[in-house]
Amino acid sequence: MEDTTAENKKNKATRVVTGFIISVVSLVCIIAGGVPLFCFLMGVLFLAAREYVHILRNKGFHPSLSLICATSLVFGLLIFFRRFDLVPCVLAFAIMASFLVVLFMGRQPYIANVATTALGFMYGGWLPCHILLLRQINSESVNFFVPGLNDGLYYLLYTFLIVVATDIGAYYFGSKFGKTKLSKVISPKKTVEGAVGGGLFAIFVSAFGVFYTNLSPIEAVIGGFLITLFAQFGDLSESLIKRDAGVKDSSNILPGHGGLLDRADSYVFALPVAYYYLFYFTSGNNVILDLITYIQKCV
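The following paragraphs examine the structure supplied in this document. Treat the numbers as computed from the prediction; the structure is a model and nothing was measured. (Residues numbered from 1 in each chain as written. Predicted model: local features only at pLDDT ≥ 70, side-chain atom pairs only at ≥ 80, totals over all residues. Heavy atoms only, no water.)

## Description of the side chain of Thr166
Piece 1. In this structure, Thr166 sits in helix α7 (residues 151-177).
Piece 2. In this structure Thr166 comes out as buried when scored by relative accessible area, which is 2%.
Piece 3. Not counting residues within four places of it along the chain, the set of residues in contact with Thr166 comprises Gly198, Ala202, Thr228 and Gln232. (Helix = DSSP H or I, 4+ residues; strand = E, 2+ residues; numbered from the N terminus. Buried < 20%, exposed > 50% of the residue type's maximum accessible area, 1.4 Å probe, protein only. Contact = heavy atoms within 4.5 Å.)

Encoded structure:
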């Protein structure tokens, strides 16, 4: 009993130290922006892609790691240099390349290998690359080394704080009050009480965004609701992949946390939602108002 207690304390300490190091490195790169953030993201995407491929091999699938990494790198470069016009072109050729790679690889199951390769560079490449889009909001030029104190930085910090608050709130409320299973098959440890508690705490934290962003109180709260909701969807989606493949953790690269996918799964969905909400519905760019104005002109 004493050995188990000591081991649990050691695991918690390891988890805290690892989490602290990850948070510091992430924060430094986010504040620096430009090349540091880009390099940090590419490193994470490469390691996460390896975990993704490893998970799916347990299912008998063989997605192309090289194509996933190459396409993710190109997506990142296009966003970094703001060549958004080339994204559809890259996407089209990447999908065709998925077929060609599998064709010349000659390994069954063909359809599943094509599909999981395409899913890999979309789920593990395009979606996480929205961190660069979010960081560039209202930035006038490509920032290589000098920290850019623009709206994008504050929006990115706002997003990360909400996701962290979601995790903290879900863990606390789940451990204290959790009784109702959220999804017995996909993630049996998660509870409805934990999900609701995490969401409420995240919305509470999001309200403080009015002090360091240009968001109004209602915009900050709505953003908090959307980000925490999709952060939890992202967590469940990664659990779905692991559960289907019969894998508990994506890897053991992060002591006390498992793999990078286990640590970053919430951000995969949260970052795109945060970007499209903050760019198109705040910051003076409200597409709903633009649509109403357009309809009024037509009438």
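## Focus on the packing of aromatic side chains
Piece 1. Counted under the stated rule, the structure contains 15 aromatic pairs.
Piece 2. What links up through ring pairs into an aromatic cluster is the set Phe201, Phe204, Phe208 and Phe211. (Phe/Tyr/Trp six-rings, centres within 6.5 Å; stacked < 30°, edge-to-face > 60°.)

## A short note on the packing of α7 against helix α10 (residues 260-280)
Piece 1. Packing of α7 against α10 brings their axes to within 10 Å, and their N-to-C directions diverge by 140°. In terms of orientation, α7 and α10 fall into the oblique class. Every pair of crossing elements has a handedness; the one defined by α7 and α10 is right-handed. Across the interface between the two elements, Tyr155, Leu156, Tyr158, Thr159, Phe160, Val163, Val164 and Asp167 of α7 pack against Ser266, Tyr267, Ala270, Leu271, Ala274 and Leu278 of α10.
Piece 2. For the contact of α7 with α10, the residue count by class is 11 nonpolar, 2 polar and 1 charged. (Axes fitted to C-alpha atoms, helices over the stretch in contact; angles between N-to-C directions. Parallel < 35°, antiparallel > 145°, perpendicular 65-115°, else oblique. Left-handed = near helix turned anticlockwise from the far one by under 90°. Nonpolar A, V, L, I, M, F, W, Y, C, P; charged D, E, K, R; others polar.)

## Side note on a nonpolar patch on the surface
Piece 1. Residues Val17, Phe20, Ile21, Val24, Val25 and Val28 make up a contiguous nonpolar surface patch of about 550 Å² in total accessible area.
Piece 2. Residue position: Val17 is located in helix α1 (residues 2-32). (Patch = residues over 30% accessible without salt bridge, like charges linked within 9 Å, V, L, I, M, F, W, Y side chains within 5 Å. Areas by Shrake-Rupley, 256 points an atom, 1.4 Å probe, with all protein chains shown as cover. Salt bridge = Lys/Arg side-chain N within 4 Å of Asp/Glu carboxyl O.)

## Examining the nonpolar core
Piece 1. Formed by 60 residues in total, the largest nonpolar core has its most connected members in Ile131, Leu134, Leu156 and Leu278.
Piece 2. No other element matches helix α2 (residues 34-57), which puts 11 residues into this core.
Piece 3. Setting aside its immediate chain neighbours within four residues, Leu156 contacts Ile30, Leu37, Ile131, Leu134, Arg135 and Leu271. (Core = buried A, V, L, I, M, F, W, Y, C linked by side-chain atoms within 4.5 Å.)

## Points about the pairing of strand β2 (residues 187-191)
Piece 1. Relative to β2, strand β1 (residues 181-183) is paired through 2 bridges, and the arrangement is antiparallel. By the bridge assignment for β2, Lys181 is matched with Thr191.
Piece 2. Between β1 and β2, which pair antiparallel one after the other, the connecting turn spans 3 residues. (Pairing = 2+ DSSP bridges.)

## Notes on helix α9 (residues 217-245)
Piece 1. The terminal C-alpha atoms of α9, which comprises 29 residues, lie 42 Å apart, in line with the 42 Å expected from a rise of 1.5 Å per residue.
Piece 2. Immediately beyond the C-terminal end of α9, within one or two residues, lies Gly246, with a positive phi of roughly 75°. (Expected span 1.5 Å × (residues − 1).)

## With respect to the environment of Leu229
Piece 1. Along the chain, Leu229 turns up in helix α9.
Piece 2. Given the relative accessible area of 30%, Leu229 is considered partly exposed.

## Concerning the pattern of salt bridges
Piece 1. Summed over the entire model, instances satisfying the criterion amount to 5 salt bridges.
Piece 2. Where Asp244 meets Lys59, a salt bridge forms, and the shortest distance between an N and an O atom there is 3.2 Å. Residue Asp244 is found in helix α9, and its partner Lys59 is found in the loop between α2 and α3 (65-80); the two are separated by 185 residues along the sequence.
Piece 3. One salt bridge in this structure joins Arg83 and Asp85, with 2.8 Å as the shortest N-O distance.
Piece 4. A relative accessible area of 40% means that Arg83 is categorised as partly exposed.
Piece 5. Among the charged side chains, a salt-bridge network with shared partners connects Glu238, Lys242 and Asp262.

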